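Notes for the structure review
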Amino acid sequence: MTSQLATTNLSLGYGSDRTVTDVSVVFPPEQTTVVVGPNGCGKSTLLRGLARLLKPQYGAVLLDGVNIKDLPARTFAQRLGMLPQQPIAPDGITVADLVARGRHPHQRWFRQWSDDDNLAVKRAMDATGVTGLSERSIDELSGGQKQRVWIALALAQGPSIMLLDEPTTFLDLAHQIDVLDLLRGLEDRTIVAVLHDLNQAARYADHLIAMKDGRVVAQGAPAEVVRPEIVEEVFGLSCVVISDPLTGTPLVVPASRKVKAQ
């Protein structure tokens, strides 16, 4: 079932500090939304608010029109999953056992492990290409393999909405592309991801949200958001924007700090 995620006048922060201010956005269902912006602009804080890990100071996060604070924890976990920046696995756990933990929101005292759970885990591991690693310890894997396993865990959870905070961090370029291709190929799911690389965001996103100082500066299709004046406003970087020769999506060519883009 497709779910719609939205925020209304959402403000988030830590203690008395406010990191995200008055954000109202609708995340298009079954599309990939990427949040971009400079370090410290509130991207990860926004994701934490969407995942109910941070209580709003003002405003609300809505899932199908219902404030997420009013949803039972199990129901919320079945419908929305989050992959943080640096997830931590128990020492020595195997890939299969870790992915199986994604089924915990579906367990109850009267409903233990079932054929449906087995099928969900199998499909998640097949989709991410980690089936052949099932008996290996997560500690033995490369960075790219680990990230695929974590995505498999999120898929096994079965949410219609997946939040991913910088899923390509610490990966080399080839593995970054592998992970982004994998996410782009997921069907019938709403993806919300934070990325640092603006060109990757423009290539893989259906919908872009650009943030600065905790506020949304622009949102829309990549061609609407990745424009020289917006890039300069958000990142303080002069640039030209051309068409990516492979995909036709916007491609940012930054100017040297000493050379003003024409």
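Our structure is the block above this text.
Predicted model, so just to flag it, every value in this text is computed and none were measured.

The rules we used
- Residues numbered from 1 in each chain as written.
- Predicted model: local features only at pLDDT ≥ 70, side-chain atom pairs only at ≥ 80, totals over all residues.
- Heavy atoms only, no water.
- Pairing = 2+ DSSP bridges.
- Helix = DSSP H or I, 4+ residues; strand = E, 2+ residues; numbered from the N terminus.
- Contact = heavy atoms within 4.5 Å.
- Axes fitted to C-alpha atoms, helices over the stretch in contact; angles between N-to-C directions.
- Buried < 20%, exposed > 50% of the residue type's maximum accessible area, 1.4 Å probe, protein only.
- Left-handed = near helix turned anticlockwise from the far one by under 90°.
- Nonpolar A, V, L, I, M, F, W, Y, C, P; charged D, E, K, R; others polar.

**A few points about the sheet that holds strand β4 (residues 58–63)**
Sheet architecture is open: 4 strands sit in the order β2-β1-β4-β5, paired in antiparallel fashion. The sheet is open, and its two borders are formed by β2 (17–27) and β5 (66–67), each paired with just one other strand. Pairing of β4 with β5, which is carried by 2 bridges, proceeds in the antiparallel orientation. Directly across from Leu63, in β5, lies its bridge partner Val66. Seen against the sheet, helix α1 (residues 43–50) touches β1 (5–14), β2 and β4 and runs at an angle of roughly 115 degrees to β1.

**Examining the pairing of strand β7 (residues 161–165)**
Of all 5 residues making up β7, 5 are buried, and the element is well covered by its neighbours. Of the two faces of β7, the one holding Ile161, Leu163 and Asp165 and the one holding Met162 and Leu164 are both buried throughout. Note: strand β6 (residues 80–83) against β7, 4 bridges, orientation parallel. Following the sheet pairing, Met82 is matched in β7 by Leu163. Bridging between β7 and strand β8 (residues 190–194) involves 5 bridges; their strand directions are parallel. Residue Asp165 lies in a different strand from β8, and its bridge partner there is Val194.

**With respect to the packing of helix α4 (residues 115–128) against helix α5 (residues 143–156)**
The N-to-C vectors of α4 and α5 enclose an angle of 145 degrees; their axes lie 8 Å apart at closest approach. Where α4 crosses over α5, the handedness of that crossing is right-handed. Counted together, Ala120, Val121, Ala124, Met125, Ala127 and Thr128 of α4 and Arg148, Ile151, Ala152, Leu155 and Ala156 of α5 form the full contact between these two elements. Of the residues belonging to the contact of α4 with α5, the class tally is 9 nonpolar, 1 polar and 1 charged.

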